[in-house]
Amino acid sequence: MVEFMAEVGQELHLTVKPSTPTSGKRKSSSRLSLFHSTARKSRASAGDLNLPTPNGALTSLTDGSSDLHDTPMRAKLEKRQHRIFEFFVTERNYVEILRYLCLSAYPQVIDENQPGGPVLPRQEADFVFGKLGAIYELHDRLQPQFNELENNWSLSESCLGNVLQLSLLTEMDRAYGNYMQFYSPPHLHHLGEQFPRFHAFMRQVEKRKESGRQSLTALLVRPVQRLPSISLLMDGIAKFTPQSHPDYNSVKEFAKGINELLAKINDRLRKNEERLSLLSLYHEISGAR
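The protein chain has the name DH domain-containing protein in an unreviewed UniProt entry, where Schistosoma mattheei is given as its organism.

(A) Just the packing of aromatic side chains, in detail. Counted by the stated rule, this structure contains ten aromatic pairs. Ring geometry for phenylalanine 127 and phenylalanine 182: centres 5.8 Å apart, planes at 90°, overall edge-to-face. Here phenylalanine 182 lies in helix H5 (residues 168–182) and phenylalanine 127 lies in helix H3 (residues 122–129), a separation of 55 residues in the sequence. Under the relative-accessibility criterion, phenylalanine 127 is labelled buried at 15%. The class of phenylalanine 182 is partly exposed, set by a relative accessible area of 30%. Members of the aromatic cluster, each reached through a chain of ring pairs, are Phe85, Phe87, Phe88, Phe146 and Trp153.

(B) Just the nonpolar core, in detail. Phe129, Leu160, Phe198, Leu216, Leu220 and Leu227 are the most contacted members of the largest nonpolar core, which has 67 residues in total. For this core, the element with the highest residue contribution is helix H2 (residues 72–110), accounting for 16 residues. Residue contacts for leucine 216: discarding those within four places in its chain leaves Leu101, Phe129, Leu188, Phe198, Phe201, Met202 and Val205.

Reading guide: rules and limits
Residues numbered from 1 in each chain as written. Predicted model: local features only at pLDDT ≥ 70, side-chain atom pairs only at ≥ 80, totals over all residues. Heavy atoms only, no water. Phe/Tyr/Trp six-rings, centres within 6.5 Å; stacked < 30°, edge-to-face > 60°. Helix = DSSP H or I, 4+ residues; strand = E, 2+ residues; numbered from the N terminus. Buried < 20%, exposed > 50% of the residue type's maximum accessible area, 1.4 Å probe, protein only. Core = buried A, V, L, I, M, F, W, Y, C linked by side-chain atoms within 4.5 Å. Contact = heavy atoms within 4.5 Å.

Quick look at the structure:
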């Protein structure tokens, strides 16, 4: 059962109540439904968010846009800015989660020098954490560019499209596609039952400040949520970017591209689920002979 909650200035948070697997086999049936559910959820209205703005950008324009004061164009640009800063906030939070998972949680799980040895066998640890590295590297590389854009923000001139370029979509496809293919909450639950030290580790994660005191399951689902979240944000940004703005074409193209990427990944996951179902049926029939 999957329950989604939209929270102010954050990604969608997820509470997963995994069913207990009947065997040690990795189950992935929840992955596709989870992706569907995430993609369908609407984020909280940007107008309800209390997000930081640089240099009083909403109250005084110092970039040559003073003629926009109290005009419909300015109102539209302010809505665009609000959504872009929502993107900045959620992106920073997301990178911090990825950093914790890749640089803290994963090394701790595979550390051979700790008392008792590794928390999980290396193969299992790689199954849970191993595909996160490419996602973290991608977003961590972009973070300084987002910070610079935010710190030097111009209501009428700054372009998110200078950072979110179409060439990133291929890298996102590869990184996120690989992760979603292996993401499996039931298998994570099974590992907690099979390896008591890993179960204890998951309990510790919820108490750590670095994890935001969230469960490991909630942290590991964030990459599954992130692309649909970016898609929703980009749709809102594109909606409030005037055609006369230098960012218009780039934002429109990236919003279109991220939606196409979601459809592409979704189609691959669906086909993979179908193949796994057929393979499972084949083994059941073969075993019954």
